[in-house]
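Given next are the chains, with one letter for each unit.
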Amino acid sequence: MKVRVGVNGYGTIGKRVAWAVTLQPDMELVGIVKTKPNWETLSAVKRGLRIYTLKENMREFHARGIEIHGTIEDLLNSVDVMVDATPGDVGATYKKLYESFSRKAVFQGGEEPEVAEVSFNALVNYGEALGKNYVRVVSCNTTGLLRIIHAISRLGRIKRVRGFIARRAADLKEIKKGPIEGIILDPSKPPSHHALDVNTVIKDLDIITYAVVVPTTLAHVHTLQFMLERAVSHDEVLDALANTPRILLVDGGLLKSTAELRELARDLGRPQGDIYENVVWSDSVLVRGDEVMLTYAVHQEAIVVPENIDAIRAITRLKERAEDSIKITDETLGIKRWL
Ligand code: NAD
C-alpha cells in the first residue's frame with residue numbers, strides 16, 4: 001500500500017516536493033493546499049493536481065474559475081502525512097491542526113527546531129526519525145553542510161569545522177527581496193545560525209560559520225575548513241566525497257561558476273534546472289596533513305527535496321534503513337546520473 005501524502009504550501013519547496021512525491025513508487029500525492037489563487041496555483045492546475053484551501057478562501061478560487069477539491073481538513077482526512085512547506089514560522093501555526101487529525105507532518109528549516117521531535121538529514125540521522133510524528137528537514141544551507149560533514153567524518157573523527165557561507169539573496173521569483181547591490185554581513189556578529197542549526201542534528205560537533213548575503217538567485221557557495229584527528233591524503237578525501245550519496249564532484253577547469261552549473265543543469269534536462277546534489281569543485285579540495293579545505297555550491301531551491309522524501313519514508317517506516325530510502329529517492333530523481 002502507498003503512503004498518502006498532502007503538501008501544505010505550494011511555493012518554491014512545496015511544488016518541488018509535491019512533484020517528487022509523484023515519482024515515488026511507494027507514495028501517492030493526494031493533493032496540495034493553496035491559500036491564494038496566484039500564478040503558482042496555475043502550475044498546480046496545469047499539472048492536474050487536486051487543490052485544497054482554507055474554508056474562508058474558497059470563494060476567491062471559485063471567482064477565478066479554479067476548481068477546489070475541498071478544505072485543508074478534507075485533505076487531512078485523506079492523507080497519512082502532511083508535508084508542511086508554508087513560509088518560515090507559519091508551519092508551527094498548523095501543528096495543532098495536524099495533531100487534531102492525528103496526522104504525521106514533515107516541517108521545513110524555516111521553523112524553529114522545537115516544532116518537531118527531530119531535525120533531520122537523511123545521511124546523518126535517518127534512524128532517529130523512524131516512526132516519529134513530527135520531523136523538521138533542516139534548511140538548504142544546513143543540509144549542504146551536513147552532507148559534507150558526513151562525508152569527511154568517514155575519514156576519522158573531526159576535531160572542528162570552520163565555514164564561510166556566501167548566501168544567495170533571494171530565489172528567482174522573489175521580486176520584493178534584495179540586495180541587488182552590496183554584500184551584507186549575516187549577522188554582523190558571528191557565528192551565523194547555520195552552525196547552530198548543524199548542532200541540532202550533530203549535537204557535539206565543534207563548528208563555527210560566518211555568512212554574507214550576496215546579490216544572486218542561483219545558489220549558495222560554502223567554503224569549509226576541517227581539522228581532523230589524523231592526517232589524510234588528497235585521494236582519500238576525493239574518494240570519500242565521490243562515494244557519498246548526493247555529492248557531485250566537478251572539474252573547476254571546465255565549470256567554475258554557479259551560473260554555468262545551473263545552465264548546464266537546464267541544458268541536461270533537469271526540471272527547472274534543479275540541482276539536488278552538493279556540487280564540490282574538485283580543484284578546491286586542499287589537504288595539508290590533518291587539515292582539509294573545500295568549496296561547493298548548494299542550489300537552495302532543490303537540495304532539500306530528496307531529504308523531504310526520505311523524511312516521509314522514515315516517519316512512516318516505509319524503509320527502516322537510510323540507504324534503502326536514499327537509493328529509491330536518488331534513482332527516481334536521477335541524482336548523480338545527469339553529469
Ligand atoms: P514560498 O513562499 O515559496 O512558499 C510558501 C507557500 O506557502 C506559498 O505557496 C504561499 O502562498 C503559501 N502560504 C503562505 N501562507 C500560508 C498559510 N498561512 N497557509 C498555507 N499556505 C501558505 O516559501 P519556500 O521558499 O517554499 O519556503 C517554505 C519553507 O521551506 C520555509 O520554512 C523555508 O525556510 C524553507 N526552505 C526554503 C528554501 C528556499 O530556498 N526557498 C530552501 C530550504 C528550505
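Definitions and limits used
- Residues numbered from 1 in each chain as written.
- Predicted model: local features only at pLDDT ≥ 70, side-chain atom pairs only at ≥ 80, totals over all residues.
- Heavy atoms only, no water.
- Patch = residues over 30% accessible without salt bridge, like charges linked within 9 Å, V, L, I, M, F, W, Y side chains within 5 Å.
- Areas by Shrake-Rupley, 256 points an atom, 1.4 Å probe, with all protein chains shown as cover.
- Salt bridge = Lys/Arg side-chain N within 4 Å of Asp/Glu carboxyl O.
- Helix = DSSP H or I, 4+ residues; strand = E, 2+ residues; numbered from the N terminus.
- Buried < 20%, exposed > 50% of the residue type's maximum accessible area, 1.4 Å probe, protein only.
- Pairing = 2+ DSSP bridges.
- Contact = heavy atoms within 4.5 Å.
- Axes fitted to C-alpha atoms, helices over the stretch in contact; angles between N-to-C directions.

1. Focus on a nonpolar patch on the surface
(1) Moving on: A cluster of nonpolar side chains, Phe164, Ile208 and Tyr210, forms an exposed patch at the surface whose accessible area comes to about 290 Å².
(2) Moving on: Structurally, the position occupied by Ile208 is in strand β11 (residues 207-214).
(3) Moving on: Classification of Ile208 as partly exposed rests on a relative accessible area of 33%.

2. Some thoughts on the sheet that holds strand β3 (residues 51-53)
(1) Moving on: In spatial order, the strands read β4-β3-β2-β1-β5-β6-β8-β7; together these eight strands make up an open sheet with parallel pairing. The open sheet terminates on both sides in strands that have one partner only, identified here as β4 (70-71) and β7 (118-120).
(2) Moving on: Sheet analysis places β7 next to strand β8 (residues 134-137), joined by three bridges and oriented parallel. Bridging from a neighbouring strand, Val118 pairs with Val135 of β8.
(3) Moving on: Packed on one face of the sheet, helix α1 (residues 12-22) meets β1 (3-8), β2 (27-33) and β5 (81-84) and runs near 155° to β2.
(4) Moving on: Sheet contacts for helix α11 (residues 305-316): β1, β2, β5, β6 (104-107), β7 and β8; angle to β6, the most-contacted strand, approximately 155°.

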